[in-house]
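# Commentary on secondary and tertiary structure
The lines below spell out each chain.
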Amino acid sequence: RLVLEHMPDEKLMRQLEIERYKGRDDYPVRAMWNSILSGVVFQHESVEKLRRELARNGQLREMCGFFNKIPPAWVYTRFLKKLFKHEEEIENVFEKLVKELQELLPNYGRELAIDSKAIPSFAKRKNKKETPDGRRDTDADYGRKEYRGQDKDGKPWEKIVKWFGYKLHLVVDATYELPIAYKVTKASVPDVKEGHVLLEEMEKRQPEILGTAETLAGDRGYDDTKLIEKCWDQYQIKPIIDIRNMWKDGEETRLLGGRTNVVHDYK
């Protein structure tokens, strides 16, 4: 109820209602949108799971605006296709919420963090037929992440994660753990590349946050000289980014140049 009451989506709803105009209104635009939001809140990752929830939860059904019957799957397919055409307005809804958080939460946006998350596709692999027809995922590709470290005994370990799908790139407020900017890409897109893109998008759309931000934290996937220089020289943000071990010979320490009794590790 809180989400439905406070979502700044009136402009989007009016645009969709104007497009429908004299078309059939068996399933109102606002009810459809409300049910999509409820699917996000209750973490239903598929339309069928959402429809089952609406079928058994009369209170939720009425709150969304369905008083007679729940929409069949094909209605959601058509509605989502229409929503995809209004991506810019949905972005505006997100930015309005971020601005409200700036007004409500002290120091919101001062301490930033950046990271990415794997989103597997429902498809298991790349389809040989590239023509989109609503049944194939022709946008996803393969992603791979490598994790390395040492256990408590000093033995090196390595873990490789692979998936077919997408990647969600996020900039969040590190104190409140709430999002500030995001981008969804194919799974193969490097984190550091989208790190540059996210900062440039924030400069265009959220310059006031970049102007007040003090730090940006990230893992070693964002260890990039150009990104670090951009943070400090262009935005005056201190980059707190882990660095990669570029020593390939297995050494743990090296002598400091010109010294015989001072050593350093790769960090």
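The structure displayed is predicted, hence computed values, not measured ones.

### Observations concerning the environment of Ile160
With respect to the secondary-structure elements, Ile160 resides in strand β3 (residues 156–173). A sequence separation of 106 residues divides Ile160 from Tyr266, and the C-alpha atoms of the two residues are 23 Å apart.

### A closer look at the side chain of Asp9
Tracing the chain through its elements places Asp9 in the loop between α1 (2–6) and α2 (10–20). No salt bridge is formed by the buried Asp9; its nearest oppositely charged neighbour, Arg30, is found at 5.7 Å. Reaching out from Asp9, the side chain makes a polar contact with the side chain of Trp33 at a distance of 2.6 Å.

### Remarks on the pattern of salt bridges
Considering all chains together, one arrives at 20 salt bridges under this definition. Residues Arg51 and Glu48 are paired through a salt bridge, measuring 3.1 Å at the closest nitrogen-oxygen approach. Of this pair, Arg51 and Glu48 both sit in helix α4 (residues 47–56), 3 residues apart, which is roughly one turn of that helix. Residue Asp191 pairs with Lys167 through a salt bridge whose shortest N-O separation is 3.0 Å. Pair noted here: Asp191 is in helix α8 (residues 191–205) and Lys167 is in strand β3, with a separation of 24 residues, a long-range link. According to the relative accessible area criterion, Asp191 is buried, its value standing at 10%. Among the charged side chains, a network of salt bridges with common partners joins Glu10, Arg14, Glu17 and Arg30.

Criteria and thresholds
Residues numbered from 1 in each chain as written. Predicted model: local features only at pLDDT ≥ 70, side-chain atom pairs only at ≥ 80, totals over all residues. Heavy atoms only, no water. Helix = DSSP H or I, 4+ residues; strand = E, 2+ residues; numbered from the N terminus. Buried < 20%, exposed > 50% of the residue type's maximum accessible area, 1.4 Å probe, protein only. Lys, Arg positive; Asp, Glu negative; His and termini not counted. Salt bridge = Lys/Arg side-chain N within 4 Å of Asp/Glu carboxyl O. Polar contact = N/O pair within 3.5 Å; in protein donor to acceptor, adjacent residues only side chain to side chain.

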